[in-house]
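One letter stands for each residue in the lines below.
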Amino acid sequence: MIIAIDGPSGTGKSTVARGVAKRLKFTFFDTGSMYRCLAWKVLGEKVDPADEKKVGDFMRHFSYEIRGGEERRYWVNGCDVTDLIRTQEISAVSSQIAVYPEVRKALVQIQRKFGMSCDAVFEGRDMGTVVFPHADLKIFLTARPDVRAIRRYKELLAKFPTMVDSIHYEQILEETIQRDKNDSTRALSPLKQARDAICIDTSNMSADEVIEKIVQMAPPRGGAFPKMKLFYHSIYSLARLFFKVFFGLRVYGLNHFKKGPGIIAANHVSNLDPPVLSISCPEEVHFLGKESLFRKPFLGWLIRKLNTHPVAGAAADLTTLKRMVQILNQGHKLIVFPEGSRSPDGQLQPHERGVAFLSQSAHCPIFPAYIQGTFQAWPRGKKFPRLCGKIACVFGSPISPFEFEGMSKKEAQEQIKKQCEISIQNLKMWLDNGAEGDPP
Ligand code: DC
């Protein structure tokens, strides 16, 4: 589960996000510190922060580390910079370099990768708008600029008590307003409230009050999946009953399922695979269907109601792929068969690269799935299914496209494709060997 907390500096974001994470036992990510670590390194290496090209090039060699448990320490190239990155100079430079697309692209990738691995509270400027548009809860914190400048002034005095003569409230207020302007007027990922974020004005609230308010709003852990529409739910329940009665349907690996957009990639042996996959999933899923099917009077209406989207071309067409990315960007789960067409003999077939491309383009995970028994029930070439046999569906660990960073796009696609193939083979093996414990 992801809680995204955005807002300008001095609204208490870090304290609040840390407090919420602690209360909910989530991991806490302060994304501003990433920009600050980079700013520190840029200054240390005497790279001109105004030189976009140089900062962008420099970005490729930059790495940072988070150490420690609750008390986080930030390390850059073997140096603990946790306190060093809190100066006004670093604040200004981090805001300056945060407008560069190369910088944002690289840091956003790291943030999304973290987000896939755990329940977390992320705080920053663009968490709810860009990095996690499907976050489970989005909060936007605000406070009057004078209140924020006083908070910052006190924070600096507490951190650097010997610098009392060089820390001035008026200057901090001016810099706060300047930084707000920088962060909210930049072209790329400006600081702004996401449409579905809840705004909290912290000017007259204590950190504890804000934390309490957010904790109260947090959805239950593991969160319920989005509710199905009434019509979808009715068909889903009927179909589930049908497959349970006639085929003893068993579903495994639902613990791997996560809310939010995702590609469900399964082996394909029968016309029964799409309905079996749909009723095995705990939330509504989406499909693509040939345009001609939608012209049939009743069928066209029905499949549209069941989230099938018409496409004119083949699955690997650019327009079809674009349509799939659109569906995923709307936060849906999309069922895709990476083998292309139904297997003629029920055996697993090699995958095509489209699914990997899709996962990269929509920045979403792949949920590998293996279906067993549908070939025996309704193989290719047979006009009608046999209403007996055993059918099972098993979901495996999601594959994140962010695990393949640093490779060329093509190489990463090849690796994602390979991992998806192996994962489905492993799921088959797990089921063949008696389905002991959790599926891989
Ligand atoms: O939250 P902070 O003050 O530590 O952030 C430092 C700077 O980094 C801030 O001026 C803008 C930038 N930033 C950003 O652009 N996007 C984020 N998600 C977090 C911070």
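Within each chain, residue numbers correspond to sequence positions counted from 1 in written order. Whole-chain, interface and lining totals are the exception, using all residues; otherwise, since this is a predicted model, local features are given only for residues with pLDDT of at least 70 and side-chain atom pairs are given and counted only at 80 or more. Water and hydrogen atoms play no part in the side-chain values, which are based on all heavy atoms of the structure.

Asker: Would you mind showing me how to read the overall build of the chain here?
Answerer: On a plain count of helices and strands, the chain comes out with 16 helices and 15 strands. Expressed as lengths along the three principal axes of its C-alpha atoms, the size of the chain is roughly 85 × 45 × 40 Å. Across the 440 residues that make up the chain, the buried fraction comes to 47%. Contacts are assigned to residue pairs with any non-hydrogen atoms lying within 4.5 Å of each other. For the chain, contacts bridging at least 24 residues in sequence account for 75% of all contacts bridging at least 6. Here the chain has roughly 21,600 Å² of accessible surface; of this, 56% comes from carbon and sulfur atoms. Looking at charge distribution, the chain has the averaged site of its 61 positive side-chain charges lying 8 Å from that of its 47 negative ones. Only DSSP runs of H or I with at least four residues qualify as helices, and only runs of E with at least two residues qualify as strands; both kinds are numbered from the N terminus onward. Exposure categories follow from relative accessible area, calculated using a 1.4 Å probe and restricted to protein chains: below 20% of the type maximum is buried, above 50% is exposed, and the middle band is partly exposed. Methods summary: accessible areas were calculated by the Shrake-Rupley approach with a probe of 1.4 Å, and residue burial reflects only the protein chains presented. For this count, His and the chain ends are skipped, Lys and Arg are scored as positive, and Asp and Glu as negative. For charged residues, the charge sits on one atom: NZ in Lys, CZ in Arg, CG in Asp, CD in Glu.

Asker: Would you mind showing me how to read the site of the ligand here?
Answerer: Proximity criterion: a residue is near a molecule or strand once any of its heavy atoms comes within 4 Å of it. Surrounding the ligand, one finds 17 residues, the nearest of these being Arg-36, Arg-104, Arg-125, Arg-179 and Arg-186. Pairing of N or O atoms within 3.5 Å defines a polar contact, subject to two protein rules: one partner must be a possible hydrogen donor and the other a possible acceptor, and residues neighboring in sequence count only if both atoms are side-chain atoms. Contacts to the ligand include Asp-126, whose side-chain N or O atom sits 2.9 Å from a nitrogen atom. Here an oxygen atom of the ligand sits 2.9 Å away from a polar atom, N or O, in the side chain of Arg-186. For the ligand, whose free accessible area comes to 450 Å², the fraction covered by protein is 97%. Sorting the residues of the shell around the ligand by element identifies helix H2 (31–44), helix H4 (88–97) and helix H8 (169–185) as the ones contributing at least two each. By residue number, the principal contributor to the shell around the ligand is H2, which donates 4 residues. Classification convention: Asp, Glu, Lys, Arg as charged; Ala, Val, Leu, Ile, Met, Phe, Trp, Tyr, Cys, Pro as nonpolar; all other residues, Gly among them, as polar. Of the residues contributing to the shell around the ligand, the split by class is 3 nonpolar, 5 polar and 9 charged.

Asker: Would you mind going over the domain arrangement of the chain with me for this structure?
Answerer: Note: interface size is frequently given as the accessible area lost on complex formation between the parts. Start and end points for every domain follow an automatic or database-based domain assignment. Each assigned domain of the chain is listed with its residue range as follows: domain 1 (2–217) and domain 2 (230–432). Counting from both sides, the interface comprises 9 residues of domain 1 and, opposite them, 15 residues of domain 2. Here the quantity called buried area is the total loss of accessible area, with a 1.4 Å probe, experienced by two parts when brought into contact, counted for both. Summing both partners gives a buried area of about 880 Å² for domain 1 against domain 2, and 62% of it is carried by carbon and sulfur. The largest per-residue losses of area from domain 1 upon contact with domain 2 belong to Lys-113, Met-116 and His-134, which jointly make up 61% of the total buried on that side.

Asker: Where do I start with the sheet that holds strand S8 (residues 198–201) in this structure?
Answerer: Consider a sheet: its strands pair through backbone hydrogen bonds, and that pairing is either parallel or antiparallel. The rule for pairing is simple: two strands pair if DSSP sees at least two bridges between them. With respect to topology, 5 strands assemble into an open sheet ordered S2-S6-S1-S7-S8, the strand pairing being parallel. With partners counted over all chains shown, the strands left at the sheet margins are strand S2 (27–30) and S8, one partner each. With direction set aside, neighbouring strand axes in the sheet form an average angle of 20°. With 4 bridges connecting them, S2 and strand S6 (residues 120–124) associate as parallel partners. Each bridged residue has a counterpart across the sheet, and for Phe-29 the counterpart in S6 is Phe-122. Every axis corresponds to a line fitted to the C-alpha atoms, with the helix fit spanning only the stretch in contact, and the corresponding angles, defined between N-to-C directions, vary from 0 to 180 degrees. Contacts from helix H1 (residues 13–24) reach strand S1 (2–6), S2, S6 and strand S7 (137–142), with the element oriented near 175° to S6.

Asker: Help me understand the sheet that holds strand S15 (residues 392–395), please; the structure alone is not making it clear to me.
Answerer: Pairing is mixed in the open sheet, where 7 strands are placed in the order S9-S15-S14-S10-S13-S11-S12. Among the strands making up the open sheet, the edge pair consists of strand S9 (250–252) and strand S12 (308–311). On average, each strand axis in the sheet is tilted by 25° relative to the strand beside it, whichever way the strands run. Summarising the sheet, S9 and S15 pair through 3 bridges and their orientation is parallel. Note that in S15 the partner of Arg-250 across the bridge is Ala-392. Along the sheet face, helix H16 (residues 409–432) touches S9, strand S10 (262–266), strand S14 (366–372) and S15 and points at about 40° away from the line of S14.

Asker: Looking at this model, I keep getting lost on the environment of Asp-146. Mind explaining?
Answerer: As for its position among the elements, Asp-146 is in helix H7 (residues 145–159). With a relative accessible area of 32%, Asp-146 lands in the partly exposed category. Sequence separation between Asp-146 and Glu-170 is 24 residues; the distance between their C-alpha atoms is 9.4 Å. In contact with Asp-146, not counting residues within four places along its chain, are Tyr-169 and Leu-173.

Asker: Help me out: how do you make sense of unusual backbone geometry in this one?
Answerer: With the exception of glycine, the majority of residues adopt a negative phi angle, and the majority of peptide bonds are in the trans configuration. With phi around 60°, Lys-25 is a residue other than glycine that occupies positive phi space. Among the secondary structure elements, Lys-25 is positioned in the loop between H1 and S2. You will see that Asn-307, though not glycine, has its phi angle at about 65°, which is positive. Along the polypeptide, Asn-307 turns up in the loop between helix H12 (297–305) and S12.

Asker: I'm lost on the pairing of strand S4 (residues 73–76) in this one. Help?
Answerer: Where burial is concerned, the two faces of S4 differ: the one with Tyr-74 and Val-76 is buried and the one with Arg-73 and Trp-75 is not. As paired elements, strand S3 (residues 64–67) and S4 share 4 bridges and run antiparallel to each other. Bridging from a neighbouring strand, Arg-67 pairs with Arg-73 of S4. The pairing of S4 with strand S5 (residues 79–80) spans 2 bridges and is antiparallel. Bridge pairing links Trp-75 to Asp-80 in S5. Taken together, S4 and the strand that follows it, S5, pair antiparallel across an intervening segment of 2 residues, in which Asn-77 is found at a positive phi of about 45°.

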